[in-house]
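Now for the letters of each chain:
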Amino acid sequence: MSVIVAEPPPRVVATTRPRPVDRDTLGLSLVLPVYQERDLIRTVITQAIEVLHETGLTFEVIAVDDGSTDGTQVVMQELAREFPDTLRVLHHPYNKGNGAALKTGIRVARGEAIACLDADGQHDPRDLLRMLPSLSDYDMVVGARTRSYQGARHRNLANAFFNSLASWLTDFPVEDLTSGYRVFRAAVIKQYIHLFPNRFSAPTTSTLAFIKGGHNVKYMPINAQPRRGSRSKIKVWSDGWRFLLIMVKIVVIFAPFRVFLPTALMLFLFGCALTFYDVWSLGRLHIPNASVVLFVVSVLVVLLGLIAEQIAALQVSVHDRVEG
């Protein structure tokens, strides 16, 4: 694929009507998943279009209404008439989830680069001017929220935990696992969108898939603002378990031993602890049945990990052949 941007382009003065996008392949597609953002979506889209003029790229904005019932779709259709050559509005007949909206937008995107940002006013579209040039060397650039981000305390703590866990699972410093502000090479992200869950965790899935898939990932600090639109749809406790399961699932797909080996080791050590306790309490050598079961299960987990590792390696080999 051709390099997107080698260096920040000169400022381009926006006209009243954006450059027509009548080609099959564009420079950039901006995908906006939208749900219940009637009061804010006009501002978000118009600001994004103004900023995209400054990139010097041919571009399109794809706004996916995920079954909104508050009149969001009406506002988006009005905007589509105002920007007929730039804005594409898609609509889900019912609410499917943030991940489903992203998948819908990414599948139809025509840009060599695909950018995603939230439609709730947290993200500044001008950060795209700093993020896009990095696609000359990276496959994904993530806008990482800094410590100055004024989110809810319990959400910040949860994000810090997930960042640490993801860093351990991937052996890569993950600075912001759940940030929805991302720029991808289209040819790469379209390989992985089938892994995206329909609800939340699409940012988590893309992060783990890119890292474990051996792609180049960069984090760039951004100053995210408190959300100005509708309330967050993420529930820390119920969705937190989904995040954990998705993280384990993605890592098992690409690097199974990263999960199976620590699990087997914990089972084996627990069996040893039970044996030592019995020896200490009885004053003689005795291996309890529970320890035997734990030892056997730990061996089975290792063997399953070896099989999973071979399957993962075979999957990568087949994928490389197809790409080749």
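Computed from a predicted model, the values in this text were never measured in an experiment.

Visitor: Whenever I open this one, the pattern of salt bridges confuses me. Can you help?
Guide: Here the idea is simple: oppositely charged side chains can pair when their charged atoms come close. The full count for this structure, using the stated rule, is 9 salt bridges. Residue Arg130 pairs with Asp127 through a salt bridge whose shortest N-O separation is 3.1 Å. Two residues, Arg145 and Asp176, come together in a salt bridge whose shortest N-O distance is 2.8 Å. Within this pair, whereas Arg145 is found in strand 5 (residues 140–145), its partner Asp176 is found in the loop between helix 5 (153–170) and strand 6 (182–185), the two being separated by 31 residues in sequence. Of the residues examined, Arg145 reaches a relative accessible area of 21% and is grouped as partly exposed. Connected through shared salt-bridge partners, Arg42, Glu78 and Glu82 make up one network.

Visitor: Any chance you could explain helix 2 (residues 72–82) here in plain terms?
Guide: An α-helical turn contains 3.6 residues, so a residue and the one three or four places further along point in the same direction. Among all positions in helix 2, only Thr72, Val75, Met76, Leu79 and Ala80 are buried. All buried residues of helix 2 project into a common sector of 145 degrees when viewed along the axis, lining one side. Across helix 2 from its buried face, at more than 90 degrees, point the exposed residues Val74 and Arg81.

Visitor: I'm lost on a nonpolar patch on the surface in this one. Help?
Guide: Together, Leu285, Ile287, Val292, Val296, Val299, Leu300, Leu303 and Leu306 make up an exposed nonpolar region whose accessible area comes to about 730 Å². Within the secondary structure, Leu306 is located in helix 10 (residues 289–323).

Visitor: Looking at this structure, how should I read the nonpolar core?
Guide: Nonpolar side chains in soluble globular proteins tend to be buried together. Within the largest apolar cluster, 39 residues are counted, with the highest numbers of intra-cluster contacts made by Ile106, Ile114, Cys116, Ile189, Tyr192, Phe210 and Met247. Judged by nonpolar contacts, the second largest core, of 35 residues, contains Ala48, Ile49, Ala63 and Ala119.

Visitor: Quick question: what am I supposed to make of the packing of aromatic side chains here?
Guide: We describe a pair of aromatic rings using the distance from one ring centre to the other and the angle between the two ring planes. Using the criterion set out here, one finds 5 aromatic pairs in the structure. Between Tyr192 and Phe210 the ring centres are 5.7 Å apart and the planes differ by 50 degrees, which places this aromatic pair in the tilted class. Highlighted residues: Tyr192 in the loop between helix 6 (186–189) and helix 7 (202–212) and Phe210 in helix 7, separated in sequence by 18 residues. There is no split in this pair, since Tyr192 and Phe210 are both buried.

Visitor: How do you make sense of unusual backbone geometry when you look at a structure like this?
Guide: One can expect most non-glycine residues to show negative phi and most peptide bonds to be in trans. Even without a glycine there, the phi angle at Gln36 is positive, about 55 degrees. With respect to the helices and strands, Gln36 occurs in the loop between strand 1 (26–34) and helix 1 (41–53). Note on Gln36: relative accessible area 21%, which makes it partly exposed. A positive phi angle, near 60 degrees, is found at Asp171, a position not held by glycine. We classify Asp171 as exposed; its relative accessible area is 63%.

Visitor: Would you mind going over the pairing of strand 1 with me for this structure?
Guide: Looking along a regular strand, one sees the side chains alternate between the two faces of the sheet. Among the 9 residues that make up strand 1, 9 are buried, leaving the element largely enclosed by the rest of the structure. Two strands pair when backbone bridges link them, and strand 1 and strand 4 (residues 111–116) are joined in this way by 5 bridges, in the parallel orientation. Of the residues in strand 4, the one forming a bridge with Leu30 is Ala115. In the sheet, strand 1 pairs with strand 2 (residues 59–65) via 7 bridges, with the strands oriented parallel.

Parameters and conventions
- Residues numbered from 1 in each chain as written.
- Predicted model: local features only at pLDDT ≥ 70, side-chain atom pairs only at ≥ 80, totals over all residues.
- Heavy atoms only, no water.
- Salt bridge = Lys/Arg side-chain N within 4 Å of Asp/Glu carboxyl O.
- Helix = DSSP H or I, 4+ residues; strand = E, 2+ residues; numbered from the N terminus.
- Buried < 20%, exposed > 50% of the residue type's maximum accessible area, 1.4 Å probe, protein only.
- Arc of directions from axis to C-beta.
- Patch = residues over 30% accessible without salt bridge, like charges linked within 9 Å, V, L, I, M, F, W, Y side chains within 5 Å.
- Areas by Shrake-Rupley, 256 points an atom, 1.4 Å probe, with all protein chains shown as cover.
- Core = buried A, V, L, I, M, F, W, Y, C linked by side-chain atoms within 4.5 Å.
- Phe/Tyr/Trp six-rings, centres within 6.5 Å; stacked < 30°, edge-to-face > 60°.
- Pairing = 2+ DSSP bridges.

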